[in-house]
Amino acid sequence: MNWVILVVAGLFEMGWAIGLKYTNGFTRIWPTIGTVCAMIISLALLGFALKSLPVGTAYAVWVGIGAIGTAILGIALFHEPLTVARLLSLALIFAGIVGLKLTTPQ
């Protein structure tokens, strides 16, 4: 169950990372409120998952989910460049996440 919580925490990390773009430097109130809420939820869920998962593994997986998702959403929403090198880099991050999951007890 803690792995599911960790994945959800990573999804909220994606939410606040993308939300930062929409806050326009924290000058837009509703995107700012949504972004701050996503930050709080993401960190709370990460903290809960850390009760039973190793900190190095959990943090790396949390960041990896956020990084992959944010990069994909950046491509989709903000027309950021989609290159083979970028896709390969994202695939390597994904491989690292899977590797950490497979080598962590529980």
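The preceding data block contains the structure.
Before going into details, it helps to say that this report is about the structure given with it. (Residues numbered from 1 in each chain as written. Predicted model: local features only at pLDDT ≥ 70, side-chain atom pairs only at ≥ 80, totals over all residues. Heavy atoms only, no water.)

**Structural notes on the side chain of T104**
Part 1: Note on placement: T104 falls in the segment after α4 (84-102).
Part 2: Judged by relative accessible area, which is 9%, T104 ranks as buried.
Part 3: Every residue in contact with T104, bar those within four places of it in the chain, is listed here: W3, P54 and T57. (Helix = DSSP H or I, 4+ residues; strand = E, 2+ residues; numbered from the N terminus. Buried < 20%, exposed > 50% of the residue type's maximum accessible area, 1.4 Å probe, protein only. Contact = heavy atoms within 4.5 Å.)

**Quick notes on the environment of G56**
Part 1: The residue G56 is located in helix α3 (residues 55-78) in this model.
Part 2: Along the sequence, G56 and L100 sit 44 residues apart, while their C-alpha atoms lie 9.5 Å from each other.

**A look at the pattern of salt bridges**
Part 1: Applying the stated criterion across every chain yields a total of one salt bridge.
Part 2: For R86, the salt bridge identified is with E80, shortest N-O distance 3.3 Å.
Part 3: The partly exposed category is assigned to E80, whose relative accessible area is 32%. (Salt bridge = Lys/Arg side-chain N within 4 Å of Asp/Glu carboxyl O.)

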